[in-house]
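Chain by chain, the residues run as shown.
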Amino acid sequence: MITRKGIVYCMLLTLAACNNDTAAEKKTDEMKTTPADAPALPSAAAFEGQVNGKQTALYILKNKNGLQAAVTNYGGRLVSLLVPDKNGKLVDVVIGFDSLAGYQRSTEPYFGATIGRYGNRIAKGKFTLDGKQYTLALNNGANTLHGGKQGFQYQVFDAKQVGDSALELSYLSKDMEEGYPGNLQVKVTYTLTSANELQLEYSAVTDKRTPVNLTNHAFFNLNGSGTINNHVLMINADNYTPVDSTLIPSGKNTPVANTPFDFRKPTTIGSRVDVDNEQLKNGKGYDHNFVINATVPSGWNKAAEITGDRSGIKMEIWTEEPGLQFYGGNFMQSMNAMKAGSRDDFRTAFALETQHFPDSPNQPSFPGTILDPGKTYHTKSVYRFTTVK
């Protein structure tokens, strides 16, 4: 005979079993939607520290579609960017490190960094402004590259997170820092938009006339790993700026037609990179500025699109800048241990940097880069992600 107490006990056992089944089903569903081999963002704790007496940290951005980004205020760096591939699996398309220490000891200083005060090269580390010659720190043979020996990539930015999807970074570059005149107040805003875009917005003001050319040096691989030579690239440029053996432009815009630099139609990166060409020898591959076709003068223009051959991830680049520096990972030498146990092997990442042209302060024919007091430097670039089958 079953007593009332026994019936209650049986009901409790049944309820507990149902709850266990529900928990098990939930766990199974989580395993289905989050595969064991899916990439994860680095640990925030690994980026906590102090550099030059300022606190470093890692900030996480998300949009409503599942895109995720990790940015550290050390160097204003894009550390990770998780994007779904053609099968819906997340891929980390940014090559970098999983800790502050990794960036500090890297033999390549520019992984993911905000670049300033002047992106790209300035010949012999000198320029003349208002009759005065300025001498910069040399850090690329006889030239200055990406702001000098202590460019923005080594600085700690002040950070302010704006909701889940935006981060504001600010930095004061003091008068004569790395040889540049003027106190330059810089702000960089990273935003993940609902249109699956990573938007980079730059602004700056100064109290003295000074050259300014800000950009980001993210190293991308849209497959997540492996060679980039099979990525399919289109660059919207009829001309590029040839360089000498030290990668300083001659000052002339040269047609890309009938050269290995013609990416007006989608072409694999590696299809012509090893042909006998003086410019490719100078850059040890592609490391050149392309003159973006300005369909909208002084406005938004499509600079490029590139697709990962295995992932199907397509990245479009739209910008207000006149130039695009395409770097094909020619100086990567397997010297650094990266995220997920990979290494920075030869040509396993590329950079497509929206910017003004190299050496513009010394090239009168190039678009100007001098910022005046009372004026605001302002520019935006967008990296938009979709997939193709």
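In this text the structure is predicted, and so the values were computed from the model without any measurement.

Quick notes on the rules
Residues numbered from 1 in each chain as written. Predicted model: local features only at pLDDT ≥ 70, side-chain atom pairs only at ≥ 80, totals over all residues. Heavy atoms only, no water. Helix = DSSP H or I, 4+ residues; strand = E, 2+ residues; numbered from the N terminus. Buried < 20%, exposed > 50% of the residue type's maximum accessible area, 1.4 Å probe, protein only. Contact = heavy atoms within 4.5 Å. Areas by Shrake-Rupley, 256 points an atom, 1.4 Å probe, with all protein chains shown as cover. Lys, Arg positive; Asp, Glu negative; His and termini not counted. Charge placed at Lys NZ, Arg CZ, Asp CG, Glu CD. Pairing = 2+ DSSP bridges. pLDDT = per-residue confidence, 0-100. Salt bridge = Lys/Arg side-chain N within 4 Å of Asp/Glu carboxyl O. Axes fitted to C-alpha atoms, helices over the stretch in contact; angles between N-to-C directions.

S.K.: Can you tell me about the overall build of the protein, naming the residues and giving the values?
M.R.: When helices and strands are tallied, the protein shows three helices and 30 strands. Taking the principal axes of the C-alpha coordinates as reference, the protein spans close to 105 × 50 × 40 Å. Expressed as a percentage of its 389 residues, the buried residues of the protein come to 53%. Partitioning the contacts of the protein with sequence separation of at least 6, the portion at a separation of at least 24 is 66%. With an accessible surface of roughly 17300 Å², the protein has 52% of that area assigned to carbon and sulfur atoms. Seen as two clouds, the 39 positive and the 37 negative side-chain charges of the protein have centres 2 Å apart.

S.K.: Can you lay out the pairing of strand 10 (residues 126–129) for me, pointing to particular residues and giving the numbers?
M.R.: Because side chains alternate across strand 10, one face comprises the buried residues Phe127 and Leu129, and the other comprises Lys126 and Thr128, none of which is buried. Examined bridge by bridge, strand 10 and strand 11 (residues 132–135) share four bridges and lie antiparallel to one another. Across the sheet, Lys126 pairs through a bridge with Thr135, a residue of strand 11. If you look at the hairpin formed by strand 10 and strand 11, you'll find two residues sitting between the two strands, and Asp130 has a positive phi there, around 55 degrees.

S.K.: Talk me through the confidence of the model for the protein; I want residue IDs and the actual numbers.
M.R.: Confidence along the protein averages 92 in pLDDT terms, with 90% of residues attaining 70 or more. Low confidence marks residues 1–36, where pLDDT is under 50. Its contacts with residues over four positions away, or in another chain, come to one contact.

S.K.: Just give me the short version of the pattern of salt bridges, but keep the residues and values in it.
M.R.: Under the criterion given, the structure shown has 14 salt bridges. The partner of Asp175 in a salt bridge is Lys208, with the nearest N and O atoms 3.0 Å apart. In this pair, Asp175 is assigned in the loop between strand 14 (166–173) and strand 15 (184–192) and Lys208 in the loop between strand 16 (197–206) and strand 17 (210–211), connecting sequence segments 33 residues apart. Judged by its relative accessible area of 40%, Lys208 is partly exposed. Through salt bridges with shared partners, a single ionic network connects Glu197, Lys302, Glu305, Glu316 and Arg384.

S.K.: Residues and numbers for the sheet that holds strand 30 (residues 377–387), please.
M.R.: Ordered in space as 13-14-15-16-30-26-25-20-23, the nine strands form an open sheet in which the pairing is antiparallel. Sheet topology places strand 13 (158–162) and strand 23 (267–268) at the edges, where each strand pairs with a single neighbour. Here strand 20 (residues 232–235) pairs with strand 25 (residues 301–307) via four bridges, running antiparallel. The residue bridging Val232 from the neighbouring strand is Thr307, located in strand 25.

S.K.: An account of unusual backbone geometry is needed here, citing residue identities and associated values.
M.R.: Of note, the bond from Gly116 into Arg117 is cis; its omega dihedral lies within 30 degrees of zero at 5 degrees. Positioned with a positive phi, Glu178 is a non-glycine residue whose angle comes to about 55 degrees. Take Glu178: it is sitting in the loop between strand 14 and strand 15.

S.K.: Any details on the sheet that holds strand 6 (residues 90–92)? Residues and values, ideally.
M.R.: Within the open sheet, the four strands sit side by side as 3-4-5-6. Their pairing is antiparallel. The two strands at the open ends of the sheet, each matched to only one other strand, are strand 3 (58–62) and strand 6. Pairwise comparison of adjacent strand axes, ignoring direction, gives a mean angle of 20 degrees for this sheet. Bridging between strand 3 and strand 4 (residues 68–72) involves five bridges; their strand directions are antiparallel. Each residue of the ladder has a partner; that of Leu58, found in strand 4, is Thr72.

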